[in-house]
Amino acid sequence: MKIKKLVVDSLQEAVEEVRNLYGPDATILSTRIIKKRLIPFLPFISRSQLEVTIGIPDTEDFSNHLKSQESVYEEINKLKESLKEVVELVKKQKAESPEETKPIESEYSLRALNLMNKLINKGVARDVAKAIIDAGCGYDYELKRLDLKGETYESLKMGLESTLNLVRDFESSLEDFKIIALVGPTGVGKTTTVAKLAYYIKELGKKVGVITIDSYRVGAVQQLKTFISIMELPFRTADTPQRLRECIGELSSMDVVLVDTGGRSHYDDIKVKELVPFFNKLPALEIYFTVSANMDERVMAEALERFSVLPIKGLIFTKMDETLYHGYVLNLAYRTKLPILCWTTGQRVPKDLVMANYEHLTKLFLKVEE
């Protein structure tokens, strides 16, 4: 309730004034007679008047106001809870990966930091980049920091050689009979990679035969058959494990037998496990997990985990030309310790195949971005 005061000449006037000014809900709380000077500087000339105290009820809707206030408080509490969750998440991340949040600027020279940032910008994980740079650095007593052992190219190449496995003796390993199979998710380019490898091995002076066990994609089988026919190499198709062994027997005079497999979704465990009987107890077998370099790193890792029901020998990366983030390739190879056999840089057959080497890999990461 609000309190107001009026000065009037009579109670009747007070009632009328209150009703006119404040409505019928206003009430007169009290009255008193006061003396009011007619002339301010002459105290003896005055007259009596009535001072009326009025009570005016509030007209605001307190229930709605209270509800709106409660709504505001509810939103504030929700925000506080959300912020609390964010803070807890940040704390958890810091606790789980202190190395990733620890400042490292004071540990390295400016050259080393620049190279590390270049790797990270290409998709190399922070811990992997640190391992590569550490391997390419030595302690500079003058700078009192780790510095590159040589020029940027030599230091990066040295770091990659120390931390990354590549298949280095592939050519010499072909002296004995070998079966090489490519497995991996759908659409990564296994078929064209088999054709490229067949040409590469043939150019080494080795006798090569090709078998496909992809009985689902008729077009892909015909495409591979066409490539192999142009290269004048023997080609077989096997749709069962028994038939695969028969085909290998027919090609036993070859130095290398390449086996192409149909793509399997790595989310379909049954389809992936269908490959196990084909390769069970095959002699001189090497299975390479083939994956596209433009895939997300997590998808690569998930796919490799599913295909690990097979004895994976190493890695092949395709479509290196279709991504700028080649660091995902390094991350997978570094974490699995599996050696890289080769990678492809385009769709042309038999071209666009690079057998894994540190020189090419170093240049790939030091290439000036357009």
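Presented here is an overview of the structure given in this document.

Parameters and conventions
Residues numbered from 1 in each chain as written. Predicted model: local features only at pLDDT ≥ 70, side-chain atom pairs only at ≥ 80, totals over all residues. Heavy atoms only, no water. Helix = DSSP H or I, 4+ residues; strand = E, 2+ residues; numbered from the N terminus. Buried < 20%, exposed > 50% of the residue type's maximum accessible area, 1.4 Å probe, protein only. Contact = heavy atoms within 4.5 Å. Areas by Shrake-Rupley, 256 points an atom, 1.4 Å probe, with all protein chains shown as cover. Pairing = 2+ DSSP bridges. Axes fitted to C-alpha atoms, helices over the stretch in contact; angles between N-to-C directions. Parallel < 35°, antiparallel > 145°, perpendicular 65-115°, else oblique. Left-handed = near helix turned anticlockwise from the far one by under 90°.

## Side note on the overall build of the protein
Of regular secondary structure, the protein possesses 15 helices and 13 strands. When burial is assessed residue by residue, the protein has 41% of its 370 residues classed as buried. The long-range share in the protein, meaning contacts at least 24 apart out of those at least 6 apart in sequence, stands at 71%. Put simply, the protein shows about 21,100 Å² of open surface, and 52% of that area lies on carbon and sulfur atoms.

## Considering the sheet that holds strand β10 (residues 285-292)
Strands sit in the order β8-β7-β9-β6-β10-β11-β12-β13 across an open sheet of eight strands; the sheet is mixed. Of all strands in the sheet, those with a lone pairing partner are β8 (235-237) and β13 (353-355), marking the two edges. Across the sheet, the mean angle from the axis of one strand to that of its neighbour is 25°, orientation sign disregarded. Taken together, the three bridges between strand β7 (residues 208-212) and β8 define a ladder with parallel strand orientation. Looking across to β8, one finds that I211 is bridged to R236. Along the sheet face, helix α10 (residues 241-250) touches β6 (178-183), β7 and β8 and points at about 165° away from the line of β8. Packed onto the sheet, helix α13 (residues 297-307) meets β6, β10 and β11 (312-318) and runs at close to 155° relative to β10.

## With respect to the pairing of strand β9 (residues 256-260)
Most of β9 sits out of view: five of its five residues are buried. On β9, burial covers both faces: V256, L258 and D260 on one face and V257 and V259 on the other are all buried. Note that β6 and β9 share five bridges and pair parallel. Bridge pairing in β9 places K178 opposite V256. Examined bridge by bridge, β7 and β9 share five bridges and lie parallel to one another. Bridge pairing in β9 links I211 to V259.

## Regarding the packing of helix α5 (residues 126-135) against helix α6 (residues 152-163)
Viewed as axis vectors pointing N to C, α5 and α6 meet at an angle of 115°, and their least axial separation amounts to 7 Å. Comparing the axis directions of α5 and α6 gives the class roughly perpendicular. As for how α5 packs across α6, the hand of that crossing is right-handed. From α5, A131, I132 and A135 reach across to α6, where they touch L156, M158, G159, L160, S162 and T163.

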